[in-house]
Amino acid sequence: MIDFIVYALLAVSIIFNILGSFSLHRFPDVYTRLHGATKCTTFGTIFAVFAVVVHSIWQIKETNNPKYLQMALHSLVALIALMLTNPTGAHAIAKAAHLSGYKPAKAVIDAYETKLRGEIQ
Amino acid sequence: MIFIGFFYGILGVILAGVITLVRVMLGPSVPDRVVGVDTLNTLIVAGMILLGAAYDRVIYIDIAIVYALLSYIGTLVVAKYLQGGLE
């Protein structure tokens, strides 16, 4: 029974990771590629960690070994570190790309550019 | 006890990493390559966690935590270099 739950969580994780890496090839621009790739891979990694946690809790119930409790807690710490650092890194890349002169493709209004020039307060 | 499902998960993560590596190699500009490397770091962390669960080694998951924090620092340093200094 718990086998099927772990398999389902792993399937969701693989599908979202592969969709995130395909979105790097289907979007025309740096900013839209960053949007698709960062969101999809973060969601897929969340489900991979959930699969590990469910498997660890099942092993605690089966074998009563404290190593699996350590495995579940350290996986959750890795998930928290990834969820804190991944959007911050994406924001830094987007701001650096805009400041170094790469314009968004097919965009009519660039609000950040006009804010930098001081036309909109 | 080895649970065989995690190996299929690692196979899927490796497939996603190969698709990302194509974008890193033929990206037309520098921020495209940086986005590809950032995505690849997230995929490597997921693969390390799944590998630690597959082989029943907790130390692999600790290495995944350290790799996540160090890749974040590397991304920030490259972004600071790209926008032209500490401003």
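Every chain is numbered independently, its residues counted from 1 as its sequence is written. Following the order in which they are written, the chains are lettered starting with A and the ligands numbered starting with 1. Given that the model is predicted, a residue must reach a pLDDT of at least 70 before its local features are reported, and side-chain atom pairs must reach 80 or more before they are shown or counted; all residues, however, enter totals for whole chains, interfaces and linings. Calculated side-chain values reflect all of the structure's heavy atoms, with hydrogen atoms and water omitted.

Going by an unreviewed UniProt entry, chain B carries the name Cation:proton antiporter and comes from Thermococcus argininiproducens. You can read under Subcellular location (unreviewed entry) in the UniProt record for chain B the words "Cell membrane". UniProt positions are given in the numbering used here, feature names are shortened, and annotations may be inferred rather than shown by experiment.

The contact criterion used is simple: two residues touch if any of their non-hydrogen atoms lie within 4.5 Å. With 45 residues of chain A in contact, the opposing surface of chain B contributes 47 residues. The largest share of the area that chain A buries against chain B comes from Leu24(A), His25(A) and Ile93(A), three residues that together contribute 13% of it. For this document, the term salt bridge refers to a Lys or Arg side-chain nitrogen within 4 Å of an Asp or Glu carboxyl oxygen. Put simply, Arg33(A) and Asp32(B) hold a salt bridge, and the shortest N to O gap is 2.8 Å. Nitrogen and oxygen atoms within 3.5 Å of one another constitute a polar contact, given that in protein one can donate a hydrogen and the other can accept it, and given that sequence-neighbouring residues count only through two side-chain atoms. Summed over the shared surface of chain A and chain B, the number is seven residue pairs in polar contact (both at pLDDT 80 or more). To qualify as a helix, a DSSP run of H or I must reach at least 4 residues; to qualify as a strand, a run of E must reach at least 2; elements of each kind are numbered from the N terminus. Elements supplying a minimum of two residues to the side of chain A that touches chain B: α1 (2-26), α2 (30-63) and α3 (66-99) of chain A. With 20 residues, the single largest contributor to the side of chain A that touches chain B is α3(A). Put simply, buried area is how much 1.4 Å-probe accessible surface two parts lose in total, over both of them, once they are put together.

Turning to unusual backbone geometry, a few remarks are in order. If you check the backbone angles, Asn64(A) has positive phi at about 60° while not being a glycine. Relative to the helices and strands, Asn64(A) resides in the loop between α2 and α3. Phi at Asp56(B) is positive, roughly 60°, even though this residue is not glycine. With respect to the helices and strands, Asp56(B) occurs in the loop between α2 (30-54) and α3 (59-82). Categorising residues by exposure relies on relative accessible area from a 1.4 Å probe, with only protein chains included: less than 20% of the type maximum marks a residue as buried, more than 50% marks it as exposed, and the intermediate range marks it as partly exposed. Its relative accessible area of 11% is what places Asp56(B) among the buried residues.

Every helix has an expected span of 1.5 Å times one less than the residues it contains. For α2(A), which comprises 34 residues, the first-to-last C-alpha distance of 49 Å matches the rise-based estimate of 50 Å (1.5 Å per residue) to within 8%. Once α2(A) finishes, Asn64(A) follows within two positions and takes phi at roughly 60°, a positive value.

Here the focus is the nonpolar core. Here, nonpolar core means buried Ala, Val, Leu, Ile, Met, Phe, Trp, Tyr and Cys residues that are tied together by side-chain atoms lying within 4.5 Å of each other. Counting residues in hydrophobic clusters, the biggest one holds 33 residues, and the most contacted among them are Val52(A), Met71(A), Phe6(B), Ile49(B) and Leu50(B). Elements with a contribution of two residues or more to this core: α1, α2 and α3 of chain A together with α1 (5-26), α2 and α3 of chain B. With seven residues, the top contributor of residues to this core is α2(A). Not counting the four nearest positions on each side in its chain, Ile49(B) is found in contact with Val49(A), Val52(A), Ser75(A), Ala78(A), Ile61(B) and Ala64(B). The next biggest cluster of nonpolar side chains, apart from the first, holds ten residues, and it includes Tyr31(A), Ala90(A), Val34(B) and Val35(B).

Residues and elements named next belong to chain A. In this analysis an axis means a line fitted to C-alpha atoms, helices contributing only their contacting stretch, and an angle means the value between N-to-C directions, from 0 to 180 degrees. Contact pair α1 / α2: the axes reach a minimum separation of 8 Å and the direction vectors enclose 165°. With respect to each other, α1 and α2 are oriented roughly antiparallel. Of the two elements, α1 crosses α2, and the hand of that crossing is left-handed. For this classification, Asp, Glu, Lys and Arg are treated as charged, while Ala, Val, Leu, Ile, Met, Phe, Trp, Tyr, Cys and Pro are nonpolar and the rest, including Gly, are polar. Here the residues of the contact of α1 with α2 sort into 17 nonpolar, nine polar and two charged. Orientation labels follow simple angle bins: below 35 degrees gives roughly parallel, above 145 gives roughly antiparallel, 65 to 115 gives roughly perpendicular, and whatever is left gives oblique. Each helix crossing is assigned a hand: it is left-handed if the near helix lies turned anticlockwise from the far helix by less than a right angle, otherwise right-handed if that turn is clockwise.

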